[in-house]
Amino acid sequence: MTNIINGKKIAEDLRNNLKNEILKLKNEFGSVPGLAVVQVGNVAASSVYVKAKTKSASEVGIKVFDHHLDDKASQNDLLTLIGDLNNNESVNGILVQLPLPKHISEQIVLDSINPNKDADGFHPLNVGKLSIASHNDENLLIPCTPYGCLLMLKTLNIELSGKKAVVVGRSNIVGKPMSQLLLKESCTVTIVHSKTKSIEKICKEADILIAAVGRPKMIKADWVKNGAIVIDVGINRVEISENGEIKTKLVGDVDFSEVEKNSFAISPVPGGVGPMTIACLLRNTTIAFKNSKNQ
Ligand code: NDP
């Protein structure tokens, strides 16, 4: 029977562990980790994510510093705010919710975050550290979504070393760091993308298949080897007709109902990678706090 990887539950366990750890840190240092959450503009999806992140952070005992700039804010306004947060000792993690309005360069903004406070793990220094570290160093600030996927894989208690892993998608926030993490686990990693030829054939060779594409149900059952492990990162809102009414529904990049029949384990959407991403953000903030005490 297929294992459905319950990201909601794994994330809950991680949050509970963090809550206990933060209590201990509070006793030891007299302070708790601080997370600054910065949103520019009012993209509806961003507001939902920001709300979920701030709520989860507060629940585990992280102090949240909420900063909401309007969509007319200039790049300099944002850089000034980040400069202040970089200098604020109560702030250990800084998260800038993406996407930013078009007149602001995401890369310039991400580069301006103090790498020690880089809650998302997107700063070039942390990206570089991830690529050269020989193992998953507990002090590293690692992009949250791929790290969440790795934790989900680890709950299966299977040997990752030597497995063939295929990552579909090569974005800086998911695909590339995911492949680095799997490489560190001694998987043999292939990354496929929109220019890859015979993508189905390559996917079918995977023992571990990670889908991070942004195309609803793209990965079909005949792309997946019998007994493979499938992690679906995709979050796609699609319209469905129910009782003559048009509704929207979240689906992943994997055709779940078909693929689950022949996979060893699979993560659902929703309730899979999404909650893990938020829990890993809280983990990074706690790591940044501990790192600041050990400097
Ligand atoms: P990007 O759009 O940045 O990257 C998508 C990648 O998929 C690109 O590398 C692109 O290739 C590749 N791709 C697109 N179409 C195809 C195709 N037909 N065949 C093969 N490869 C293709 O997306 P993200 O990495 O940011 O996100 C991917 C998905 O994950 C989205 O659905 C997003 O919403 C979701 N997501 C979920 C998170 C969570 O917490 N669960 C967090 C972050 C993202 P190329 O580079 O050649 O263009």
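This is a predicted model, so every value here is computed, not measured. (Residues numbered from 1 in each chain as written. Predicted model: local features only at pLDDT ≥ 70, side-chain atom pairs only at ≥ 80, totals over all residues. Heavy atoms only, no water.)

Quick look at the site of the ligand
Near the ligand you find 21 residues, and of these R170, S171, S194, R215 and T277 are the closest. Between the ligand and the protein, one listed contact pairs an oxygen atom with a side-chain N or O atom of S194 at 2.5 Å. With the chains in place, 70% of the 930 Å² that the ligand exposes on its own is no longer accessible. By residue number, the principal contributor to the shell around the ligand is helix α10 (residues 273-293), which donates three residues. Considered class by class, the residues forming the shell around the ligand number nine nonpolar, 10 polar and two charged. (Near = heavy atom within 4 Å. Polar contact = N/O pair within 3.5 Å; in protein donor to acceptor, adjacent residues only side chain to side chain. Areas by Shrake-Rupley, 256 points an atom, 1.4 Å probe, with all protein chains shown as cover. Helix = DSSP H or I, 4+ residues; strand = E, 2+ residues; numbered from the N terminus. Nonpolar A, V, L, I, M, F, W, Y, C, P; charged D, E, K, R; others polar.)

Quick word on the sheet that holds strand β11 (residues 265-266)
If you walk across this open sheet you meet the six strands as β1-β11-β8-β7-β5-β6, and the pairing is parallel. Each having just a single partner strand, β1 (3-4) and β6 (188-192) make up the two edges of the open sheet. Pairing analysis gives five bridges linking strand β5 (residues 164-168) to β6, with the strands arranged parallel. The partner of K164 across the bridge, within β6, is T188. Across the sheet, helix α6 (residues 144-154) touches β7 (208-211) and β8 (229-232), and the angle it forms with β8 is around 150°. (Pairing = 2+ DSSP bridges. Contact = heavy atoms within 4.5 Å. Axes fitted to C-alpha atoms, helices over the stretch in contact; angles between N-to-C directions.)

Overview of the domain arrangement of the protein
For the protein, the domain assignment lists domain 1 (29-114) and domain 2 (143-274). Each of domain 1 and domain 2 was reduced to a C-alpha centroid, and the two centroids are 29 Å apart. (Domains from an automatic or database assignment.)

What to know about the pattern of salt bridges
Within this structure, the stated rule accounts for 10 salt bridges. For D13, the salt bridge identified is with K9, shortest N-O distance 2.8 Å. Residue D13 and its partner K9 are both found in helix α1 (residues 7-29); the two are separated by four residues, about one turn of the helix. (Salt bridge = Lys/Arg side-chain N within 4 Å of Asp/Glu carboxyl O.)

So, the pairing of strand β9 (residues 236-242)
Of the strand pairs in this sheet, β9 and strand β10 (residues 245-251) are connected by seven bridges, and their pairing is antiparallel. By the bridge assignment, N236 is partnered in β10 with V251. Where β9 folds back on β10, the antiparallel hairpin that results is connected by two residues, among which N243 adopts a positive phi of roughly 50°.

Digging into the sheet that holds strand β2 (residues 34-40)
Pairing within the open sheet is parallel, and its three strands lie in the order β3-β2-β4. Two strands in the sheet have a free side with no partner beyond their single neighbour: β3 (63-69) and β4 (93-96). Across the sheet, the axes of successive neighbouring strands diverge by a mean angle of 15°, strand direction being ignored. Sheet topology places β2 next to β4; four bridges connect them, and they run parallel.

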